[in-house]
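In case you want the letters, here they are:
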Amino acid sequence: MGQLQDKIAVITGASTGIGHSMAVIFAKEGARVVLAARRREALDKLAKEINANGGTALAVPTDVTNEQQVLELFQRTMEKFGRVDILINNAGTAIGKPTDELSYEAWRTVIDCNVNGAFLCSREAFKIMKRQHGGRILNIGSVSAKVPRPHSAAYTTSKYALEGLTRSMAVDGREHGIAVSVLQPGNVDTAIW
């Protein structure tokens, strides 16, 4: 039996990169994975691959910046599996521009996905995990929250904010058995990089 046998894991940004890899590994470890991202075709392909290899995957196309779609993601997860043990907030985006050339629209796009999306998903997971008396939320941050790169004001700010959100939720979750942490990876060979 795998380390995650029969755990229900919701993974955002699951269509590519870190999220895709985590979904495959979690499924190999026995988790039932709920795949969330905007690209339906890529999600369906991954779900098919996981299910064909003996795992269990449910693809739920979701834009994490859309509150209604996030609500539907967790509703469908509960209808199918009845619980949420793990949430991986991995969905993210980056727009690299010098500060003086960064449009407000670009700034908002990054903050909305990287911070607001993590909040919306965490809020819904919290509601479920409190009723269950436990769960785990892992936010995928970035080394940029420790050592900023040039031309990354929006991305760096979003990852600093994600660390603050993580720390606050960890305090809020403690009495309910909800553990919240952040992983700050360095350079990873993904589409963003």
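In what follows, the structure referred to is the one given above.
Residues numbered from 1 in each chain as written. Predicted model: local features only at pLDDT ≥ 70, side-chain atom pairs only at ≥ 80, totals over all residues. Heavy atoms only, no water.

(A) Structural view of the pattern of salt bridges. Summed over the entire model, instances satisfying the criterion amount to seven salt bridges. The shortest N-O distance in the salt bridge between Arg123 and Glu124 comes to 2.9 Å. Given the relative accessible area of 9%, Glu124 is considered buried. The shortest N-O distance in the salt bridge between Glu124 and Lys127 comes to 3.1 Å. Taken as a pair, Glu124 and Lys127 lie in helix 4 (residues 104-132) at a separation of three residues, close to a single helical turn. Overlapping salt bridges, with partners in common, bring together Glu67, Arg123, Glu124 and Lys127 in one network. (Salt bridge = Lys/Arg side-chain N within 4 Å of Asp/Glu carboxyl O. Buried < 20%, exposed > 50% of the residue type's maximum accessible area, 1.4 Å probe, protein only. Helix = DSSP H or I, 4+ residues; strand = E, 2+ residues; numbered from the N terminus.)

(B) Here's a closer look at empty space enclosed by the protein. All told, the structure shown has one cavity of 30 Å³ or more when counted by the stated rule. In terms of lining residues, the largest cavity is bounded by Thr12, Val64, Asn89, Asn90, Ala91, Cys113, Asn114, Gly117 and Ala118. (1 Å grid on protein atoms, 1.4 Å probe; cavity = no way out; pocket = protein on both sides within 12 Å on 5 of 7 lines; lining within 4 Å. Points joined across faces, edges and corners; volume = space filled by probe spheres on them.)

(C) Spatial organisation of the nonpolar core. Ranked by size, the top nonpolar core spans 27 residues in total, and within it Val10, Val34, Leu73, Phe74, Leu87, Met129 and Ile137 carry the most contacts. Sorting the residues of this core by element identifies strand 1 (8-12), strand 2 (32-37), strand 3 (56-61), helix 3 (67-81), helix 4, helix 5 (153-174) and strand 6 (178-183) as the ones contributing at least two each. At eight residues, the largest contribution of residues to this core is made by helix 4. The contacts of Ile137, once residues within four sequence positions are left out, are Leu87, Asn89, Ser122, Ala125, Phe126, Met129, Ile178, Ala179, Val180 and Ser181. Grouped together as the second largest cluster of nonpolar side chains are 23 residues, Ala14, Val33, Ala37 and Ile86 included. (Core = buried A, V, L, I, M, F, W, Y, C linked by side-chain atoms within 4.5 Å. Contact = heavy atoms within 4.5 Å.)

(D) Layout of the sheet that holds strand 1. Here six strands make up an open sheet; going across it, the order is 3-2-1-4-5-6 and the pairing parallel. The two strands at the open ends of the sheet, each matched to only one other strand, are strand 3 and strand 6. If you compare each strand with its neighbour and ignore which way they point, the axes differ by 15° on average. One ladder, built from five bridges, connects strand 1 with strand 2; its direction is parallel. In the strand pairing of strand 2, Ala9 is matched with Val33. (Pairing = 2+ DSSP bridges. Axes fitted to C-alpha atoms, helices over the stretch in contact; angles between N-to-C directions.)

(E) Summary view of helix 5. In a regular helix each residue adds 1.5 Å, so 22 residues correspond to 32 Å; helix 5 covers 32 Å between its end C-alpha atoms and thus fits that length. Residues of helix 5 that are buried: Ala154, Tyr155, Thr156, Ser158, Lys159, Leu162, Glu163, Leu165, Thr166, Met169 and Gly173. Against helix 4, strand 5 (135-140) and strand 6 lie the buried residues of helix 5. (Expected span 1.5 Å × (residues − 1).)

(F) Representation of the pairing of strand 5. The buried fraction of strand 5 is high, at five of six residues. Judged from the four bridges that link them, strand 4 (residues 86-89) and strand 5 form a sheet pairing that is parallel. When the bridges of strand 5 are listed, Ile88 appears paired with Leu138. With helix 4 bridging strand 4 and the parallel strand 5, this β-α-β connection has right-handed handedness. Sheet topology note: the strand 5/strand 6 ladder contains six bridges and is parallel. When the bridges of strand 6 are listed, Asn139 appears paired with Val182. (Right-handed = clockwise from strand over helix to strand, strands pointing away.)

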